[in-house]
Structures are given as structure tokens and as C-alpha cells.
Amino acid sequence: MSEQRFRFDSLTIGVCYYPEHWDESLWADDLRRMLEDGVAVVRIGEFAWAYFEPEEGVFRFDLFDRFLALCKETGMKVIFGTVSATPPAWLTHKYPEVLNANMEGVLYRHGMRRHYNYNSPVYQEKCAVITAKLAQHFGPHPSIIGWQIDNELNCEMDRFYSEADSVAFRAFVKEKYGTLDALNAAWGTVFWSQTYTDWAQIFVPRPTLQNSPNPHLMLDYNRFVSESCIRFCALQAGILRQHVAPGVFITTNGMFSRLDNHRMARECLDIYTYDSYPNFAFGLNMAGRLDRLRDRWSGKKLTEVRSICPHFGIMEQQSGAGSWTTRMENPTPRPGQMQLWAMQSVAHGADFVSFFRWRTCTFGTEIYWHGLLDYDNRDNRRIAELREFAANLKKLAPLCGADSEAAFAVVKDYDNVFDADLDTWHRHVDAQSDNAIFEVSQLTHTPYDMLYLQEGTTLDELLRYKALFMPHACIMTAARADLLERYVRRGGVLVIGCRSAYKDEHGRCVMTPQPGLLQKLTATDVRDFTFTTPAEETPYALFDGRRMETPLFNDVLTPLEGAKVLARFASSYYAGEAALTENAVGEGRVLHLGSAFSTDAVRLILDYLGLTEPMADVIAAPEDVELVARVKDGRRYVFALNYQSVPMTLTLKRPLRSLLSGSTDEGCVALPPYGVQVWAL
Ligand code: GAL
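Residues numbered from 1 in each chain as written. Predicted model: local features only at pLDDT ≥ 70, side-chain atom pairs only at ≥ 80, totals over all residues. Heavy atoms only, no water.

Novice: Honestly, the sheet that holds strand β6 (residues 273-276) in this entry has me stumped. Any pointers?
Specialist: Two orientations exist for strands paired in a sheet by backbone hydrogen bonds: parallel and antiparallel. Read from one edge to the other, the open sheet built from 8 strands follows the order β5-β4-β3-β2-β1-β10-β7-β6, with strand pairing classed as parallel. The open sheet terminates on both sides in strands that have one partner only, identified here as β5 (249-251) and β6. On average, each strand axis in the sheet is tilted by 25° relative to the strand beside it, whichever way the strands run. Strand direction decides the pairing type here: strand β1 (residues 12-16) and strand β2 (residues 41-44), joined by 3 bridges, are parallel. Residue pairing across strands places Cys16 opposite Arg43, the latter belonging to β2. (Pairing = 2+ DSSP bridges. Helix = DSSP H or I, 4+ residues; strand = E, 2+ residues; numbered from the N terminus. Axes fitted to C-alpha atoms, helices over the stretch in contact; angles between N-to-C directions.)

Novice: What is the right way to read empty space enclosed by the protein from this model?
Specialist: Across all of its chains, the model carries 1 cavity of 30 Å³ or more by this definition. Considering only enclosed or pocket space, the largest cavity measures out at about 110 Å³ in volume. Contributions of two or more residues to the lining of the largest cavity are made by α10 (298-308), α14 (424-443) and β24 (625-632). Of the residues belonging to the lining of the largest cavity, the class tally is 5 nonpolar, 7 polar and 3 charged. (1 Å grid on protein atoms, 1.4 Å probe; cavity = no way out; pocket = protein on both sides within 12 Å on 5 of 7 lines; lining within 4 Å. Points joined across faces, edges and corners; volume = space filled by probe spheres on them. Nonpolar A, V, L, I, M, F, W, Y, C, P; charged D, E, K, R; others polar.)

Novice: Please explain the site of the ligand as it appears in this structure.
Specialist: Near the ligand, the surroundings consist of Phe47, Arg113, Asn151, Glu152, Asp275, Tyr277, Glu316, Trp324, Phe356, Glu366 and Trp369. Glu366 places a side-chain nitrogen or oxygen 2.4 Å from an oxygen atom of the ligand. In the complex, 93% of the free accessible area of the ligand, which totals 300 Å², lies under the protein chains. (Near = heavy atom within 4 Å. Polar contact = N/O pair within 3.5 Å; in protein donor to acceptor, adjacent residues only side chain to side chain. Areas by Shrake-Rupley, 256 points an atom, 1.4 Å probe, with all protein chains shown as cover.)

Novice: Can you help me understand the domain arrangement of the chain in this one?
Specialist: How big an interface is tends to be stated in terms of accessible area lost as the parts join. Its domain assignment divides the chain into domain 1 (12-159 + 227-402), domain 2 (408-609) and domain 3 (619-680). Taking only C-alpha atoms into account, the centre of domain 1 sits 31 Å from that of domain 3. Taken together, the contacts link 26 residues of domain 1 with 20 residues of domain 3. Both sides of the domain 1 and domain 3 interface together cover about 2100 Å² of buried area, and 57% of this is carbon and sulfur. It is Arg296, Leu340 and Ala347 in domain 1 that bury the most area against domain 3; as a group they hold 29% of the surface buried on that side. Viewed at the interface, domain 3 and domain 1 are joined by 3 salt bridges. The residue Asp351 makes a salt bridge to Arg630 at a minimum N-O spacing of 2.9 Å. Linking domain 1 with domain 3 are 13 residue pairs in polar contact (both at pLDDT 80 or more). Contributions of two or more residues to the side of domain 1 that touches domain 3 are made by α11 (337-347) and α12 (381-395). By residue number, the principal contributor to the side of domain 1 that touches domain 3 is α11, which donates 6 residues. (Domains from an automatic or database assignment. Contact = heavy atoms within 4.5 Å. Buried area = accessible area lost by both parts, 1.4 Å probe. Salt bridge = Lys/Arg side-chain N within 4 Å of Asp/Glu carboxyl O.)

Novice: How do you make sense of the pairing of strand β4 (residues 144-148) when you look at a structure like this?
Specialist: For a regular strand, side-chain orientation follows a simple rule: the groups alternate between the two sheet faces. Burial analysis of β4 places 4 of its 5 residues in the buried class, the great majority of the element. For strand β3 (residues 77-81) and β4, the ladder comprises 4 bridges, and the chain directions are parallel. By the bridge assignment, Ile79 is partnered in β4 with Gly146. When β4 meets β5, the two strands line up parallel, connected through 3 bridges. Counterpart to Gly146 in the pairing with β5 is Phe249. (Buried < 20%, exposed > 50% of the residue type's maximum accessible area, 1.4 Å probe, protein only.)

The following block contains the structure:
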């Protein structure tokens, strides 16, 4: 979001609340307690369609009118949700064409949520009507500060196979290609006699043998799902804009796949909000996958959210154990953990944190998804922690709106994100490298940003970073290659991995030496390459005598004129060949790694580039503590977050003032279990 249209002007706490779930006699007391505990905003309404429109064309608002009147009286601010995530029974019963279907065409029926499809004209019309009614009725209310569109677009299901989707997909590809000849060429349909001779033969993916549909169709299908979702969001945003007061923001929550979240935010929203549930890391379904970083993995998502919207909000911050009646997932946060996770959000750039939810629901699928309060409604340790968090946020007031500090950026684009989703070869190397970069960044206290190359991304946005890692841009376009070249010529360092630039925008392989459009930057030639076989020892290379694993896929690099070899493979039949090269271009340089990135490779490259541990002159922290910095008006605010159940010791190399305790600390400082500290530099 190059231009974020709304920002919170103070660090603000919210909660998710459902007036329709509770006896009205509880409302006043709930609002009083919230305000006393430091909550200034409630999000309401997002699932209440069946209340607002009990029968087709019949509307009622009085329950929410009464609730909003109380909010006005008490000074509580409100974020109001549009209701399209949960169509009422009368709607799906009368118009089953609004339902999403599975790939076999079986409809998803009433009883859960998000079971609609974006492309049904009937659903779009019904959503337009209810959104307009809500906006007209509640739009002028002075307590409302923002509107949330739908709830978690593309969550729970991000594939759409209804008849309406096939109709819309046909129109989408017709507009894109104009003629069937162009479509057939783009999708390579001459292969296996897939040639289309009539638009009516085109459908969203349907069951195929081995679940292996045409990959180029799949790439366009992923783009189509994203486009459908953005149009659906834009439909509601357009209606809200006609009715809501100036200064009132429009947002949506969550960050889900098969969706160009950046474009959606740019075109429809004033601020982007995310739902943060770090406790999935401790869930039963993670058994056997518990690794060292656990709940710190949420920081990767937050880094991505920041690339969409630098000063974002958290619409749902986990406050209790999380599970449904059909899932047994994560345990209750340990004392201190709830605040730790809320602080993790703030450290990564959130200026608004709203907890999910005020009180646990006593009925329905989510009776085990615990909120701040349990069923018995008594104050508990989580409420005490909320109060502590609120007191701490007051002390952090100066850093509202502060930017995040990053030593480098990881570059992405949606062509490659969508390609990795369908191409297993791409997906594996991508996941390996993405995770290795995050892990090393966490353990070495070297925060980074993500940067999505989009239409309109400027050279200046790239030049903010000394180095860019673009691990596996399999798809490369001339425009992106040109932007990267201009970045390097101006002094930037570009680091790429194996499998770079061997596909065009349709996902077809190009018939030029690899790395294709990047070859003049890398000065390397890939004449041989292989998926690394599990039958051989883990492949590795030597970088300055140090061992560096080169997992999953190896591009055997031939250096061309000017390229310097930094590391050579030391295993398999290509031992002795180049594994990592460096080439000077203009004022900058390009590193080419002929592999997916292992954690060794990331560490060695970051060290080589002098980027590791940017706060080392001030703080030495153990690997189990995360260090993150936000910067405002020339001041650096360093967060130290202890994710462990035991105390951790840090060393401050000079006196630093703690914003939380007010004291000046130096030397050895203990962080309690799940503790947080923030120092001003
Ligand atoms: C979120 C969702 C909430 C609630 C919560 C707990 O994904 O937006 O409505 O369902 O998860 O399951």
C-alpha cells in the first residue's frame, strides 16, 4: 500500500464483540469493564446477516441501534463489519447458485461460513443490498470509526468451483486473450490434444487424472480467484464509500492465499488489518513439527503484512486457547504469552491490537475458542494481562506510527507466488529458502522486510535496502528484470538462488540459457541442473572453507566473464563446480547461489555482506530472544521478546532507557519468561 490512507494516531486496543450473542442485560457491564481495562474500540456485526435481514427484503437494526447508543454514551468506538461471510439460510435455500462447490461440483451447504462464491450475480446483488442498508443506517453514527468488509476473505476456502465461477472464468480468459488461438498458445494446449475450439469448453479446474490439470490454466485460475475476490471486496468498498463519513476507514481482516492482498489493499482499503493466532504453533496438529521458532513464525506473517501496509492493525489477536468442536488445536496461552504475542504485533508494526474475543461463546462451533473472559464471566489472569498490556502501551505512546527497521528485503511477486502454489518443484525450493531466511534472521537478530514487485513499484522503494534476496523468481518479466538491473546499477546487492528466470508469465519455459533475463546481471550460465537425490549425501558446497548445505535443487553454475566464484560444490558428480558467484554490475553486485537456501547459506551470505546483527553494537541477545527495532523521528526503539518459559539474559553494551520500567539499564539484564522489554536508543 504505497499510500496508506488511514493511520491510528495512538496505540489503540480493541476487542471483538458480538452483541447478538448475549443477553442485553450484559452489554452495559461489558462496555464498562472493557473501558476500565483499556479497550477503546469494539468490532461488531460481521456475522449478523440473519439478524439484519430475517427474511428477503425485510430489515431490522434495533438491537444494534441500542448497542451503538450505549457505545455513544460510554465513549466506546466501533468498527462495524459487513455481513457477507455468513449468508442466511433463507438465501442459500432459495438461491443455491450462490453456494461454492467442491471440485466434483458438490455444493457446500448452510451450517458453516464462507460457503458462498464471489461470482454469483445473485449473491453480489444480495450483498450489495445488505451492505447499502447497513451503510445507510449506521454510516452516520458518530461512534463508528471504521468498517470491516466481510471476514477473512479467502479463509477456510480459496478454491471456487461453482457454475457461476466457470461462467466468470470464461469471461476472464476471453478478456485476457481475446481469441482462442491466443489462449491455446499461452496454455500450450497442443500438448496432449488439449486444444479448445469453443469458449464453452473452458471451465474452472475439474477433476483430472492424477489431479494434474494444465499448469498454465491453473496459473490463470489462481489469478482469476484473486481477481474475483478483489472485485467482490471492491463492490462493498464502493457502496460503503458512498455512505460513510469522511475520516472513517474501510478495511478487511486476515491475509490469505490465492489473493493479491497488496492490490486489494491498494484499490479497496484505507488500512489493512491482520488476524494473529501464534498459538497454532503449539497445536496438536503441529505434533512432530515443533521446531525451535514455534510462535516466532508469526513474525514472518507480520513481516508480510507490513509489506502490504506499513502501519497496520491487528483485528483479531489471540487471547485464549483456540479450537472448534471439530478441532482440538491449541492450549491456553501461558501466563505472559498473551501479552508477548500482542507485543510481537506491535514490534512488527501494528498500531492497533484488537483481541479475539471479549468472552468465549457458550454455543456453536467455537465454544472452545476462548476469549479474554471464560463462560463464567469472572475476571481472570488474561484480563489482568490485558490491563498490564494497556498500561504498557501507554508507555510506548511515542512509537505510534514508527517505521520498522530492516537490514535487507526479500522480494516477491504474485506471478511467482501463484506459480509456486501449483508447481511442486517451485513450491519446495521456495518454502525451503523462505523459511531458512526467516529462521536465520530471527536467530541472528537481523530483521528484514518483504517487498512485493507490483505495477507501480518504484526504484526508490528498492533502493531503501542495501540488499535484496529474490530466491526463486522462476517467472521473470522484462519489466522486473529491468527494475532489478537499475537497482543493482545504483549500488544495490541482489541475491538470487537456483531456478531463477526460466519461465515466462504464462509459466512456460523459455528457450534461452538460464538464468534467462537475469543472465546479464549474474554473468553465469546454467548448463546442468538437478533435483538433489535423497540417494546421495546431503549436497554441500564450501564457502571460504566453511560447509554450506545446498539442498533440494542444484544449478551447476558456469561463471562467465567477470563473475567471481565464492563457493564451489563439494559433493555429487559436479563437485568442484561453482555453487555461488558474485558479479559486479554498475555500482552494485549480484550473487547467484546454485541451490535453494539452507540456513548455512543464509548465514554465510549475510555475514559476507556485513548485514548480520545490526543491533550488535548496543545489545547482545541469546538466539531465543527476538530483537526488533522501530524508528521514528531519528529515535530507535528496540523490542526484546522472550518466547521461552525460562528467563533469558541480555547484555546492554551502553546505558539504555527502558520505556516500560522507566529505569536506565546497562550490562546484564534478565528478561522474565515470556517477558518483553523496549529500550529507546
Ligand atoms: C478467525 C475468525 C474469527 C474466529 C476465529 C477463531 O479466523 O475471523 O471469526 O472464527 O478465527 O476461530
